[in-house]
Amino acid sequence: MLISENMPLASASDLPKASEAFRNYVDSALQDRVARHYHTQHVNQTVDSNREKREKFLQFDKFKLSVWDAILKLNEVIDESDPDTDSAQIVHLLQTAESIRAAYPDEKYDWFHLTGLIHDLGKVLSHTTMFNEPQWCVVGDTFPVGCAFDEANVFHPSFQNNPDFNHPVYSTKNGMYTPECGLDNVLMAWGHDEYLYQVMKHNKVTLPEEAFYVVRYHSFYPWHHKGAYTHLTNEKDREMLFWVKEFQKHDLYSKLPEKPDVEKLTPYYKGLIAKYFPDVLEW
């Protein structure tokens with residue numbers, strides 16, 4: 001999908017007045033919980049642990065579950081890395097989707113509405129009756145492993161206890177990669193983004209490439225929010241960055257006290273799920 005000058009871009013005036021208060025990693029009400037999460041994540045996200053998780057979870061032989069049932073599962077998950085909200089995930093999903101829908105009301109962007117709804121479904125990895133994975137390998141900002149941890153990452157000092165921090169190759173700027181290799185060729189920290197992207201590929205979801213890309217990199221804040229790691233990106237990444245940034249506005253700034261009317265919105269989003277997803281997915 002080409003970027004057009006007629007696209008309805010969200011401006012600063014469209015966002016909540018207190019938008020600068022989001023992603024507060026200094027003194028939020030949830031600071032202790034969030035800091036503990038990132039310390040654990042930064043110590044444990046290594047090249048080896050990443051490869052182990054992929055080997056374990058990309059067989060897609062654990063569960064069979066519909067998209068809507070996965071959304072309902074998220075109603076029982078609280079993201080411990082999020083300093084902005086402790087609401088159940090289904091609230092955040094609908095807030096994101098409806099924010100995108102308001103900015104992009106045309107039917108041709110229905111794929112973008114649905115992306116807002118499903119973008120965090122990979123967090124079922126931490127559901128206690130499903131995979132029961134610790135949250136350090138499920139949620140939080142993502143970053144490449146196998147190269148130096150950029151200082152744009154939140155809580156950067158905690159990487160010093162990561163086994164890869166002083167690795168002779170992984171501690172260098174390019175690490176095990178070549179410059180401009182493209183993010184498709186980069187091993188990102190394992191979590192809900194990569195997992196859902198792989199689930200969608202495996203189950204032959206028919207959403208456009210832009211949706212797959214947003215799902216895969218929406219938590220890569222050091223890149224799309226701070227401009228880090230650009231030496232690893234290629235032309236495709238630079239083009240797709242538009243959609244990631246557009247999505248990020250709605251993912252982040254829609255975390256408001258007002259709760260969506262789940263019953264009212266369900267028929268619309270179930271219709272989109274039926275359009276783009278199979279009835280049941282292999283997880």
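Preceding this section is the structure that the text describes.
Now for a description of the structure that goes with this document. Source: prediction; values computed, not measured.

Relative to each other, helix α4 (residues 89-103) and helix α5 (residues 110-118) sit at 160 degrees, their axes nearing to 7 Å. One finds that α4 runs roughly antiparallel with respect to α5. Regarding α4 and α5, the two cross each other, and that crossing is right-handed. Counting all contacts with α4, which are made through L93, L94, T96, A97, I100 and R101, the residues of α5 involved are F112, H113, G116 and L117.

Before going further, it helps to spend a moment on the pattern of salt bridges. According to the stated counting rule, one finds 14 salt bridges in the structure shown. Across the pair D184 and R216 runs a salt bridge, and its minimum N-O distance is 3.3 Å. Taken together, the residues span a long stretch of sequence, with D184 in the loop between α5 and α6 (192-202) and R216 in helix α7 (residues 209-217) at a distance of 32 residues. According to the relative accessible area criterion, D184 is partly exposed, its value standing at 37%. A salt bridge links E235 to R238; the nearest nitrogen and oxygen atoms lie 3.5 Å apart.

What counts as what
Residues numbered from 1 in each chain as written. Predicted model: local features only at pLDDT ≥ 70, side-chain atom pairs only at ≥ 80, totals over all residues. Heavy atoms only, no water. Axes fitted to C-alpha atoms, helices over the stretch in contact; angles between N-to-C directions. Helix = DSSP H or I, 4+ residues; strand = E, 2+ residues; numbered from the N terminus. Parallel < 35°, antiparallel > 145°, perpendicular 65-115°, else oblique. Left-handed = near helix turned anticlockwise from the far one by under 90°. Contact = heavy atoms within 4.5 Å. Salt bridge = Lys/Arg side-chain N within 4 Å of Asp/Glu carboxyl O. Buried < 20%, exposed > 50% of the residue type's maximum accessible area, 1.4 Å probe, protein only.

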